[in-house]
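# Structure assessment
Listed below are the residues making up each chain.
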Amino acid sequence: MHTNTDPVGGGAEPTPAELRDLQARADALAQDVAVMRERLNEQPDLPRGVRGALPGSLDDALAQAAQRIGGAAEKLARVRAARGPGSCTAWWGICPGCGPTLRTENGRSRCRECGTGWGYDRSQGPCGEPATFLVMDAQGGTVIVCSAHGRHMQERLDGGLLLAIPPA
């Protein structure tokens with residue numbers, strides 16, 4: 001069993017490693033609860049209310065929580081990777097070749113035009129493709145975006161500018 005004497009928190013963004021550690025602890029707790037439930041159930045001298053005090057749904061819920069924590073770790077790792085210098089800062093996914101043509105089902109995205117697929121929901125997070133354009137709207141706000149987002153934004157810019165970023 002795990003005991004953690006260090007306080008969790010401090011206001012800083014958690015790391016994917018911290019989330020994976022939490023996932024492992026939740027998995028271990030789910031297994032410990034299942035073992036304890038079996039041990040209680042095997043005691044004929046205990047009252048039925050005590051033997052059944054730990055329903056199977058409890059360790060199932062803990063296992064599901066562990067799975068969701070693992071999913072959060074994966075998403076956070078993708079977000080952190082997409083925040084790198086020189087990455088597109090648009091917060092919606094796009095097919096790099098076709099533009100805003102993604103369809104997402106069961107947590108996986110696929111382009112409706114070219115068929116390219118991703119093993120995650122590309123539509124719900126930062127793009128992260130290499131930045132190739134600086135976009136300035138009519139009010140002077142700027143973002144750096146990839147070529148696919150730049151092409152998509154160019155069609156919608158009203159009084160703004162799309163400037164190519166020279167290759168390094």
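Relevant structure appears above.
Residues numbered from 1 in each chain as written. Predicted model: local features only at pLDDT ≥ 70, side-chain atom pairs only at ≥ 80, totals over all residues. Heavy atoms only, no water.

Turning our eyes to something else, we now look at the nonpolar core. Membership of the largest hydrophobic core is limited to ten residues, which are Cys88, Ala90, Ile94, Cys127, Phe133, Val135, Val145, Cys146, Ala148 and Met153. Listing elements by their share of this core, those giving two or more residues are β4 (133-136) and α4 (147-154). In this structure Ala90 touches Gly125, Pro126, Cys127, Ile144, Val145 and His149, once residues within four positions along its chain are discounted. Within the second largest apolar cluster, six residues are counted, among which are Leu19, Ala66, Ala73 and Leu76. (Core = buried A, V, L, I, M, F, W, Y, C linked by side-chain atoms within 4.5 Å. Buried < 20%, exposed > 50% of the residue type's maximum accessible area, 1.4 Å probe, protein only. Helix = DSSP H or I, 4+ residues; strand = E, 2+ residues; numbered from the N terminus. Contact = heavy atoms within 4.5 Å.)

As for its placement among the helices and strands, Gln23 is situated in helix α1 (residues 16-41). Between the alpha carbons of Gln23 and Gly71 there is a distance of 9.4 Å; along the sequence they are 48 residues apart. With near-sequence residues (within four places) excluded, Gln23 lies in contact with Ala66, Gln67, Ile69 and Gly70.

In this section: the sheet that holds strand β5 (residues 142-145). Ordered in space as β5-β4-β6, the three strands form an open sheet in which the pairing is antiparallel. Each end of this open sheet is capped by a strand with a single partner; those strands are β5 and β6 (161-164). When strand polarity is set aside, the average angle formed by the axes of neighbouring strands in this sheet is 20 degrees. Bridge analysis of β4 against β6 gives four bridges, and the strand direction is antiparallel. (Pairing = 2+ DSSP bridges. Axes fitted to C-alpha atoms, helices over the stretch in contact; angles between N-to-C directions.)

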